[in-house]
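Coordinates in review
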Amino acid sequence: MSELFLELFSEEVPAKLQIKAREQLKEILKKFFEENSVKLKNEPKVFSTPNRIAIKIENLPKDIFYKASEKKGPSVLAPEKALDGFLKSNNLSKNKIYKKKTDKGEFYFYKIPKKKIKLSDLLKKNFESLLLRISWQKSMKWGENNLYWGRPLKSILAVLDGKKLQFSFKHLLSSNQTFVDKELEEKTKLFNNFTSYLSFFKNNGIIIDHEKRKNFIVSELEKISAKKNLKLNLDSKLLEEITNIVEKPKVLICEFDKKFLEIPKEILIITMQTHQKYIPTFDKKENITNSFFVISDIQDKKGFVKSGNERVVEARLSDAEFFWKKNKSQNLVKQVSKLKNINYFKGLGTYFDKIQRMRKLSALISDELLISKEKMEIASSICKVDLMSDLVGEFPELQGIMGGYFAETQGFDKDVCLAVSEHYLPIGMDTKVPKKPYSMALSLSDKIDSLVGFFGLNLKPSSSKDPYALRRMAISLVRLIIENDKKIKIKDLINYSCALYKEQGFEFDIKKIQNDLGDFILDRIKNYLKEKQIRNDIVESASSSFTIDDLLKIYKKSHVLNKSINKEFGQDAVAIYKRSSNILLSEEKNLENYNGSADPGLFKNDYEKNLYKKIHEIRKYFSSVGREENFEESLVVLSNSKSQLNDFFDNVVVNDPDDAIKKNRLELLAMLCKSFDNYFNFSKIEA
């Protein structure tokens, strides 16, 4: 068995491009071997450093055997040109083909004989086209060479079964050598297998395996943190990026002046994490400290790297401190009118227009949440003012957060400050959801206003594109309602938002917005439920049973049925509905053809009467539960009709010779099915 080992050496590839390229390389080769009937015994292992993308595939056969097979050509009725094209594309003469009848008519075929091909020959022939399948989000073309790659590609090392695998890739010729000095690109070394390759670089302090590199960084960070009594809140995306921009990581602990701890911690964190790729540290009480970690790619015996990074962060924090002191003293209320000079979006007015709409919308929400309308109007009025600050200009990620800090330093109520700080949250599926009612109300008003505006301009997402992140916004709206356990009348908010736009002179097709945005939000709750591992049939049943005013109910009922579906009462509830509805459907009529109003005067036995009585008990239960319905109890109530239904089917012939009796019995079953609709649409549940 053979080992295939490939390394692509280039100038430093950015982390995101590097991650995607190594994943693509793995999938491309896996698919190639699958298409060529090579069953891989081991998963290909792919590795990368900033300059190298390497893959190793073990236990490959030396030869590939292809079984004899038939290849179908055009129909015998097809024009002569079709046959000529088939012959030419397969390099065949007419005497090699034959006619054969199939279910779809008579076609030309030719027989592909069995053959054996060396793996090395197959790879040499195909490697160029395989490597060209790697797609780069951003690529370069350099010199006179006609190769587009993430960064200039300098060499290709290819070894199969311990021997050089030579093939051409544009201007490059593969070999069994690679550059071992990435700076000077002068010194090269020959490798005949992956083990010696890995060992050589390990001895030189380079960790080729990105997962081992990440684990090493984390281990060193934790070791030093424990010694210094510090706490880490490692950002996974930052860790992934750092891992892929170094190859021989050295973890350094640095410090900045403690005076900068007076600046809001979010500024410090973003300055270090986003702008400098540093790792901040915290004390046991989650307060940020003046210590931070730098992951260097070189030894720092003389401390130049440490001191250099400390100087850089001090300079950036000095700028941030200056802007903080300047911005926090600027009166928020006096700046509101300046929002008239900042456009929100073409066709939706200025940010001043937006906050006027939000002010009225959040006041309506405050009535539903029973909170102070005055506080809501204040929070809405000042929530966008921080967009004019130097800090948000420098750090756009701090929108809202800085507004909350500015409001706090200027003495606004705590609820108002928190609402301003959190009104952009949540952002999609993974971020924190505001829990305080004022924060929730302001966030809802912001998202409803934006969704209505963009749908009013007919800028809803297409199947593949969502340039204004409306899906993320709608998911956030769904999370706000469900994860705060609130029943919010979304339809009323959408209608009121449309009216507010109209007051400002923006004319929208209200009915279209109601339909399109309603469907859009229902699609988002489907995605939300699937993320929560709810069965697909339950998701479809729940979402087809309720409107966007019932988002909380859709979630809760789905959740309860999903966890109860394999319990006895859950299975009974589904079985009762299915057994009844199947009888109705067997009459070749839809359930809707029955109005569900059986006439007790036509009952001929107690079994009909008992089922009728049970149905009324179910209806009475659902008419009395109101808002405080226990959804598990509701399923139990439905399942309790099992005995009466079984007795009915065991002792009553539904298909009575008397048409009136037969129809009445079918109406009785329709009554039972429709009583189940009080929970939701069981017709979509798979038995």
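Here is a short report on the structure shown in this document. In every chain, residue numbers begin from 1 and rise along the written sequence. For this predicted model, a pLDDT threshold of at least 70 governs which residues receive local features, and a threshold of 80 or more governs which side-chain atom pairs are given and counted, while totals over whole chains, interfaces and linings are taken from all residues. The basis for every side-chain value is the complete set of non-hydrogen atoms in the structure, without hydrogens or water.

1. A closer look at the sheet that holds strand β9 (residues 153-160)
Any two strands with at least two DSSP-identified bridges between them are counted as paired. To qualify as a helix, a DSSP run of H or I must reach at least 4 residues; to qualify as a strand, a run of E must reach at least 2; elements of each kind are numbered from the N terminus. Spatial ordering of the open sheet is given by β2-β3-β1-β9-β10, a layout of five strands whose pairing is antiparallel. At either end of the open sheet lies a strand with only one pairing partner, and these are β2 (45-48) and β10 (163-164). Each of β1 (2-10), β3 (52-60) and β9 touches helix α3 (residues 119-131); the most contacted strand, β1, lies at about 30 degrees to it. Contact definition: two residues touch when any of their heavy atoms are within 4.5 Å. Axes, fitted as lines to C-alpha atoms, cover a helix only where it is in contact. Angles between the N-to-C directions of the axes lie from 0 to 180 degrees.

2. Details of the environment of K373
If you trace the backbone, K373 turns up in helix α11 (residues 373-382). When the C-alpha atoms of K373 and E608 are compared, they prove to be 56 Å apart, with 235 residues separating the residues in sequence. Ignoring anything within four residues of it in the chain, the contact list for K373 reads A363, S366 and D367.

3. Remarks on the nonpolar core
If you look at the biggest cluster of nonpolar residues, it comprises 134 residues, and the most contacted ones within it are I490, I494, L517, L668, Y679 and F682. Per element, the largest residue contribution to this core is 10 residues, and it comes from helix α15 (residues 437-456). Apart from residues no more than four positions distant in its own chain, I490 is found in contact with I448, L477, I481, I521, I548, D549 and L551. Put simply, buried Ala, Val, Leu, Ile, Met, Phe, Trp, Tyr and Cys residues joined by side-chain atoms within 4.5 Å make one nonpolar core. Residue exposure (1.4 Å probe, protein chains only): buried if accessible area is under 20% of the type maximum, exposed if over 50%, otherwise partly exposed. Counting residues in each nonpolar core, the second largest holds 38 residues, with L25, I57, L131 and W149 among its members.

4. Some points on the pairing of strand β6 (residues 97-102)
Relative to strand β7 (residues 105-112), β6 is paired through six bridges, and the arrangement is antiparallel. Looking across to β7, one finds that Y98 is bridged to F109. Where β6 folds back on β7, the antiparallel hairpin that results is connected by two residues.

5. Concerning the side chain of E321
Tracing the chain through its elements places E321 in helix α8 (residues 304-328). With a relative accessible area of 15%, E321 lands in the buried category. In this view, E321 contacts K259, F260 and I263; residues no more than four positions away in its chain are not counted.

6. Examining the sheet that holds β7
An order of β5-β7-β6 is seen for the three strands of this open sheet, with the pairing classed as antiparallel. The two strands at the open ends of the sheet, each matched to only one other strand, are β5 (69-75) and β6. With direction set aside, neighbouring strand axes in the sheet form an average angle of 40 degrees. Sheet contacts for helix α2 (residues 80-89): β5, β6 and β7; angle to β5, the most-contacted strand, approximately 150 degrees.

7. So, the side chain of E310
For E310, the position within the fold is in helix α8. Its relative accessible area of 17% is what places E310 among the buried residues. In this view, E310 contacts C254, E255 and F292; residues no more than four positions away in its chain are not counted.

8. A look at the pattern of salt bridges
Here, a salt bridge means any side-chain nitrogen of Lys or Arg that lies within 4 Å of a carboxyl oxygen of Asp or Glu. Under the criterion given, the structure shown has 42 salt bridges. The salt bridge partner of D550 is K487, with a shortest N-O separation of 3.8 Å. With D550 in the loop between α19 (536-543) and α20 (551-564) and K487 in the loop between α16 (470-482) and α17 (490-503), the pair connects residues that are 63 residues apart, well separated along the chain. You can call D550 buried: its relative accessible area is 15%. Judged by its relative accessible area of 37%, K487 falls in the partly exposed class. Salt-bridge contacts for K512 lead to D516; the nearest nitrogen and oxygen are separated by 2.7 Å. You can see K512 and its partner D516 sitting in helix α18 (residues 510-531), four residues apart, about one turn around the helix. In the salt-bridge network here, residues are joined through shared partners; they are K354, R357, K384, D446 and D449.

9. Observations regarding the packing of aromatic side chains
Only the six-membered ring of Trp is used, alongside the rings of Phe and Tyr, when aromatic pairs are assigned; centres must lie within 6.5 Å, and planes under 30 degrees apart are stacked while those over 60 apart are edge-to-face, with the rest tilted. Under the definition given, this model contains 40 aromatic pairs. Taken together, a centroid distance of 6.4 Å and an interplanar angle of 70 degrees make the contact between Y344 and F454 edge-to-face. Taken together, the positions of Y344 in the loop between α9 (332-335) and α10 (351-369) and F454 in helix α15 put the pair 110 residues apart, joining distant regions of the chain. Taken together, the ring pairs connect F5, F47, F191, F194, Y197, F200 and F201 into an aromatic cluster.

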